[in-house]
Amino acid sequence: ILDVEALLGDIHPVNYGGVDVQTNVPGAQITVFDDNGNMVGFAAVGPELIRRVHALEAGDYTVNLTFIDHEAGVAETLQEDITIVPEDVLEIEMEF
């Protein structure tokens, strides 16, 4: 017999938020870091030029958007600090 309550402890609802990153470059990579510098999200931008990073707890984050031009051998990164609130999706625009 498993005592689920003993295994999990008190169960509380988790209210996640997210961020939609819109850009002008398909193939750019989105990396999200928490305020301790831990990577908590990653996504690649497709042809629709927008990508959502979800399941972020409320708090402060840094969003990096990186584009690597393999032919030219260069990379460029944009950075934006954001605050996530529960049950909301923040929309930001980052363009190269």
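Residues numbered from 1 in each chain as written. Predicted model: local features only at pLDDT ≥ 70, side-chain atom pairs only at ≥ 80, totals over all residues. Heavy atoms only, no water.

## Topic: the overall build of the chain
Reasoning step 1: Helix and strand counts for the chain stand at one helix and seven strands.
Reasoning step 2: Reading the secondary structure of the chain in the N-to-C direction produces α-β-β-β-β-β-β-β.
Reasoning step 3: A globule of 96 residues ought to have a C-alpha radius of gyration of about 12 Å, yet the chain, at 17 Å, is considerably larger.
Reasoning step 4: Along the longest, intermediate and shortest principal axes, the C-alpha atoms of the chain span 60 × 25 × 25 Å.
Reasoning step 5: Taking all 96 residues of the chain together, the buried fraction comes to 29%.
Reasoning step 6: The contacts in the chain between residues at least 6 apart in sequence include a share of 56% that link residues at least 24 apart.
Reasoning step 7: Split by element, the accessible area of the chain, about 6500 Å² in all, is 49% carbon and sulfur. (Helix = DSSP H or I, 4+ residues; strand = E, 2+ residues; numbered from the N terminus. Rg over C-alpha atoms; globule rule 2.2 N^0.38 Å. Buried < 20%, exposed > 50% of the residue type's maximum accessible area, 1.4 Å probe, protein only. Contact = heavy atoms within 4.5 Å. Areas by Shrake-Rupley, 256 points an atom, 1.4 Å probe, with all protein chains shown as cover.)

## Overview of the pairing of strand S6 (residues 74–84)
Regular strands place their side chains on alternate faces of the sheet.
Reasoning step 1: Both strand S5 (residues 59–69) and S6 contribute to a ladder of eleven bridges, which runs antiparallel. Looking at S6, one finds that Asp69 is bridged to Val74.
Reasoning step 2: Where S5 hands over to S6, the hairpin turn is made up of four residues, of which Gly73 adopts a positive phi near 70 degrees. (Pairing = 2+ DSSP bridges.)

## Notes on unusual backbone geometry
Reasoning step 1: With a phi close to 60 degrees, Ala55 is a non-glycine residue in the positive phi region.
Reasoning step 2: Its place among the elements puts Ala55 in strand S4 (residues 50–56).
Reasoning step 3: Residue classification places Ala55 among the partly exposed positions, given a relative accessible area of 46%.

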